[in-house]
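# Examination of the molecular architecture
If you want the building blocks of each chain, they are given just below.
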Amino acid sequence: MLINLSIQNFALIKDIAIDFENNMSIITGETGAGKSIILGALSLIMGKRADLDVVRDKKSKCIIETYFKITKKRFKAFFDDHDLDFDEECIIRREILPSGKSRAFINDSPVKLNALQQLSRHLIDIHSQHQTLDLNDENYQYNLIDAVASNESLLKKYQTAYLDYTTLLKRIQDLEKSKQEAQKNLDYNNFLLNELKEIELESVDLNVLETKQNQLSNVNLIKEELAKVHQILDHEEIGVLEQLNESYRSLSKISEFGDELKQFAERINSCIIELQDLDQSIENQADQLEDDPLELEKTNQQLQHIYKLQEKHQAADITELIDIKNQLEDQVFTDSNIDREIEKLKNQSEKLREDCLKLAEKLTKNRKSAAKVIIKHVENQLALLGINEAKFLIDITKSEQLNRLGKDSMQWKFSANKGADPKSLAKIASGGELSRISLSLKNLLAQKSKLPTLIFDEIDTGVSGDIAVKMGNIMKEMGNNMQLVCITHLPQIAAKGKQHYKVYKYTEDDKTFSNIQKLNEDQRIKEITNMLGGDANSQAAKSHAQTLFNN
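Okay, so let's go over this structure. As a convention, each chain's residues are numbered from 1 in the sequence order in which they are written. Totals for whole chains, interfaces and linings use every residue, but because this is a predicted model, local features are given only for residues with pLDDT of at least 70 and side-chain atom pairs only at 80 or more, for both listing and counting. Side-chain figures throughout are based on the complete set of non-hydrogen atoms in the structure, without hydrogens or water.

Quick look at the packing of aromatic side chains now. When two rings of Phe, Tyr or Trp (its six-membered ring) have centres within 6.5 Å they constitute a pair, described as stacked for plane angles under 30 degrees, edge-to-face for angles over 60, and tilted for the intermediate range. Inspection of the entire model under this criterion finds 7 aromatic pairs. Between the aromatic rings of Phe20 and Tyr501, the centroid separation amounts to 5.5 Å while the plane-to-plane angle is 50°, which identifies the pairing as tilted. Taken together, the residues span a long stretch of sequence, with Phe20 in the loop between strand E2 (13-19) and strand E3 (24-28) and Tyr501 in strand E14 (residues 499-508) at a distance of 481 residues. Taken individually, Phe20 and Tyr501 each receive the classification buried, so the pair is uniform in this respect. Ring centres of Tyr158 and Tyr162 lie 5.8 Å apart, and the angle between their planes is 15°; on these two criteria the pair is classed as stacked. Here Tyr158 pairs with Tyr162, and both are found in helix H5 (residues 152-197), just 4 residues apart, close to one helical turn. Whether a residue is buried, partly exposed or exposed follows from its accessible area with a 1.4 Å probe, protein chains only, as a fraction of its type maximum: under 20%, in between, or over 50%, in that order. You can call Tyr158 buried: its relative accessible area is 0%. Ring pairing ties together the aromatic residues Phe78, Phe79 and Phe86, which thus form one cluster. Over the face of the ring belonging to Phe513 we find Lys14, whose NZ or CZ atom lies 5.6 Å from the ring centre. A cation over a ring is seen here: Arg56 above Phe513, with NZ or CZ 4.3 Å from the ring centre. Helical segments are the DSSP runs of H or I of at least four residues, strand segments are the runs of E of at least two, and each set is numbered from the N terminus. The rule is short: NZ of Lys or CZ of Arg within 6 Å of the ring centre and within 35 degrees of the ring normal puts a charge over the ring.

Definition of nonpolar core: a set of buried residues of the types Ala, Val, Leu, Ile, Met, Phe, Trp, Tyr and Cys, connected through side-chain atoms within 4.5 Å. By size, the foremost hydrophobic cluster in this structure holds 45 residues, and its most contacted members are Ile64, Phe79, Ile106 and Leu119. When residues in this core are grouped by element, the largest group, 7 residues, is from helix H1 (residues 35-45). We call two residues contacting when some pair of their heavy atoms lies within 4.5 Å. When sequence neighbours within four positions are dropped, the list of residues in contact with Ile106 reads Phe78, Phe79, Leu84, Cys90, Ile91, Val111, Leu116 and Leu119. Judged by nonpolar contacts, the second largest core, of 30 residues, contains Tyr140, Met410, Ala416 and Leu425.

This part takes up the packing of helix H17 (residues 521-532) against helix H18 (residues 539-550). Axis angle and axis distance: for two packed helices, these are the angle between their axes and the distance between the axes, and together they describe the pair. Orientation is described by axes fitted as lines to C-alpha atoms, over the contacting stretch for helices, and by angles from 0 to 180 degrees between their N-to-C directions. Remark: H17 packs on H18, axes separated minimally by 8 Å, with the N-to-C direction vectors making an angle of 115°. The pairing of H17 with H18 is recorded here as roughly perpendicular in orientation. The chirality of how H17 crosses H18 is right-handed. In this structure, H17 contributes Glu521, Arg524, Ile525, Ile528, Thr529 and Leu532 to the contact, and H18 contributes Ala541, Lys542, His544, Ala545, Gln546, Leu548 and Phe549. Every angle not falling under 35 degrees, over 145, or within 65 to 115 is termed oblique; those three ranges are roughly parallel, roughly antiparallel and roughly perpendicular. In a left-handed crossing the near helix is turned counterclockwise from the far helix by less than a right angle, and in a right-handed crossing that turn is clockwise.

A word on the side chain of Gln483. In this fold, Gln483 is placed in strand E13 (residues 483-487). Polar contacts involving the side chain of Gln483 include one to the main-chain carbonyl oxygen of Leu2, which spans 2.7 Å. A polar contact is formed between the side chain of Gln483 and the side chain of Thr453, at a distance of 2.6 Å. We define a polar contact as two N or O atoms separated by no more than 3.5 Å, with the added condition that, inside protein, one atom must be a possible hydrogen donor and the other a possible acceptor, whereas residues neighbouring each other in sequence contribute only through side-chain atom pairs.

Turning our attention to the pattern of salt bridges. Any two side chains of opposite charge can pair, on the condition that their charged atoms come close. Salt bridge, as used here, is a side-chain nitrogen of Lys or Arg placed within 4 Å of a carboxyl oxygen of Asp or Glu. Under the definition given, this model contains 21 salt bridges. Arg93 is paired through a salt bridge with Glu65; the nearest N and O atoms lie 3.5 Å apart. You can see Arg93 sitting in strand E5 (residues 89-96) and its partner Glu65 sitting in strand E4 (residues 62-69), a full 28 residues away along the chain. Summarising the burial analysis for this pair, Arg93 and Glu65 share the class buried. Residues Arg93 and Asp108 are paired through a salt bridge, measuring 2.9 Å at the closest nitrogen-oxygen approach. A residue pair is termed long-range when its members are at least 10 positions apart, and Arg93 in strand E5 and Asp108 in the loop between strand E6 (102-106) and strand E7 (109-111) qualify at 15 residues. Residue classification places Asp108 among the exposed residues on the basis of a relative accessible area of 52%. Residues joined by salt bridges that share partners form a network here, namely Lys61, Glu65, Arg93, Glu95, Arg103 and Asp108.

Time to look at the environment of Asp174. Within the secondary structure layout, Asp174 lies in helix H5. Taking C-alpha positions, Asp174 is 9.9 Å from Ile342, a pair spaced 168 residues apart along the chain.

Among all residues except glycine, the phi angle is most often negative; among peptide bonds, the trans geometry is most common. If you check the backbone angles, Ser150 has positive phi at about 55° while not being a glycine. Positive phi, normally seen in glycine, also occurs at Asp510, with a value near 60°. For Asp510, the position within the fold is in the loop between E14 and strand E15 (511-518).

In this section: helix H9 (residues 259-288). One less than the residue count of a helix, multiplied by 1.5 Å, gives the span that helix is expected to have. Here H9 is 30 residues long and its end C-alpha atoms lie 44 Å apart, about the 44 Å a rise of 1.5 Å per residue gives. Looking at H9, one finds that the buried residues are Ala265, Ile268, Ile272, Leu275, Asp279, Ile282 and Ala286. Contacts made by the buried residues of H9 are with helix H7 (219-234) and helix H8 (240-254).

With that settled, consider the environment of Lys398. In this fold, Lys398 is placed in strand E9 (residues 391-403). Among the residues examined, Lys398 registers a relative accessible area of 51% and is labelled exposed. Between the alpha carbons of Lys398 and Met410 there is a distance of 8.6 Å; along the sequence they are 12 residues apart. If we skip the residues at most four places from it in the chain, Lys398 touches Glu361 and Lys407. For Lys398, the side chain forms a polar contact with the side chain of Glu361, separated by 2.8 Å.

This next bit is on a negative patch on the surface. Where like charges cluster on the molecular surface, the negative patch consists of Asp83, Asp85, Asp87, Glu88 and Glu89. Summarising the element assignment, Glu88 is placed in the loop between helix H2 (72-81) and E5. Patch membership is restricted to residues that have no salt bridge and whose relative accessible area is over 30%. Joining uses 9 Å for like charges and 5 Å for the nonpolar side chains Val, Leu, Ile, Met, Phe, Trp and Tyr. Values of accessible area rely on a 1.4 Å probe in the Shrake-Rupley scheme; residue burial ignores everything except the protein chains shown. The charged-residue count follows a simple rule in which Lys and Arg add positive charge and Asp and Glu add negative charge, with His and chain termini not counted at all. Just so you know, the charge point we use is NZ for Lys, CZ for Arg, CG for Asp and CD for Glu.

When a strand is regular, its side chains alternate between the sheet's two faces. Any two strands between which DSSP finds at least two bridges are classified as paired. Bridge count between E5 and E6: 5 bridges; the pairing is antiparallel. Residue pairing for E6: Ile96 is matched across the bridge by Ser102. Linking E5 to E6, which pair antiparallel, is a turn of 5 residues; within it Gly100 sits at a positive phi near 100°. Relative to E7, E6 runs antiparallel, the two being bridged by 3 bridges. What sits directly across from Ile106, in E7, is Ser109. Here E6 hands over to E7 after 2 residues, with Asn107 in that stretch at a positive phi of 50°.

The buried count for E13 comes to 5 of 5 residues, which makes it a mostly enclosed element. Of the two faces of E13, the one carrying Gln483, Val485 and Ile487 and the one carrying Leu484 and Cys486 are both buried. Sheet topology note: the E3/E13 ladder contains 4 bridges and is parallel. Considered in E13, the bridge of Ser25 is made with Val485. Both strand E12 (residues 453-457) and E13 contribute to a ladder of 5 bridges, which runs parallel. Directly across from Asp457, in E13, lies its bridge partner Ile487. Handedness of the β-α-β unit built from E12, helix H15 (residues 465-479) and E13 comes out right-handed. Crossover handedness is defined by viewing with both strands directed away from the observer: a clockwise path from the first strand over the helix to the second marks the crossover as right-handed.

By themselves, these observations are geometric and do not establish any function.
Right, here's the structure in full:
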């Protein structure tokens, strides 16, 4: 339950703190006094996005803070899931900084807005004036009947399956759209792929191939120059090797005369061995080289093929060509198997559709059971509120197609007069009738959801007189089981509250502010007298107000 609300630097409010109690509390005040500002502050606690325009003094931050009394049994799981410290006195705070940045806290730990939204929907419900008109909104109707039917987990399970189903249908639709284009591309992609497959790219080394081409193109020149080198190295009289051998023989004769001379001989001998090996390799290479025009032509063709493919596919090297080949293989495989893929996905979608239908059937069954409960409750409540012959119907039929809410078509119907056939609620119900129906439904929801705090913002719109007294009695009874805060302009309802708060304006330093005060009994009688439109000094007006208050 809501224990305290403090508001600083918000709209017309400078700094106020309100202590709330259990049962039914009333908030009154003239139009424009600031009642809606209090609701606006609470909406920020419930996770609504902040607007810098609501900050009165742009040099200071706006702070809205609430204290809720909560139970460990109901809320411990939420605090564990969000890694927050649990305390039975839960503090929720919103701050709007002068920069426009907004911050949210639960028990002094920073949180995101969705955490506030998740927590607050189990703490408090604000029924604003426009929600009476929401009775005609399909989403509101489904939310309400599903709440009474306890369909929350079932609906979530259905909507997960339905999302999977519709996603798969979209995939099938996209594949069928691309099928014709895929068939057009298949032949061309196959042609490109075969071009790349003509050469075993994975076994090609372009550097080796280009070296081979250079050698075959210059075989005679290479052989000629190798022969010259061989002659220089191995000529019998003037060759390098013969001269080195002569040098080695000379050094060998004197090597015994010193280690340094011995090392000279050894180093010369090493050069001889290395040059002999080099000479043999040159001779072998020269013997292997042959003028082969056919091999040269083959190599040229292979290189030209590779160069053209690189240019065609804008590939920098063989590796990129291999990547392109692999991509083409994947695309050709996909295009070739598109019919098989579509068939496979259709089978999967049919299975998902069957799952959705089974879940939708359960939703329908639960909704029809809940509809009976709602109808009986609303008709009983309307009888208490002066519509004795009211007929309220919730007509649920199966629709042709699955949708995000199941497979139901639902229409709410109403008749206020005996003998009149119930017609669409949106077309026939007056404002006062909608207010009474809305109160009846909120009463039922409060019982079902065990919501600790409910706030009515002028739910009594369109009613007066004895009906207002009866609405006040229902609210008072609701307040016996929960914390109920009612913002009203009707004295008949204001008199029913256990606590009464008045919102008013005052001026300070040529600035207008809103404030709120809790009224004592005498102040309440005076406020109810003013709400009745009577003279505050008139004994008759006071007596009327006293009578309302005592009853």
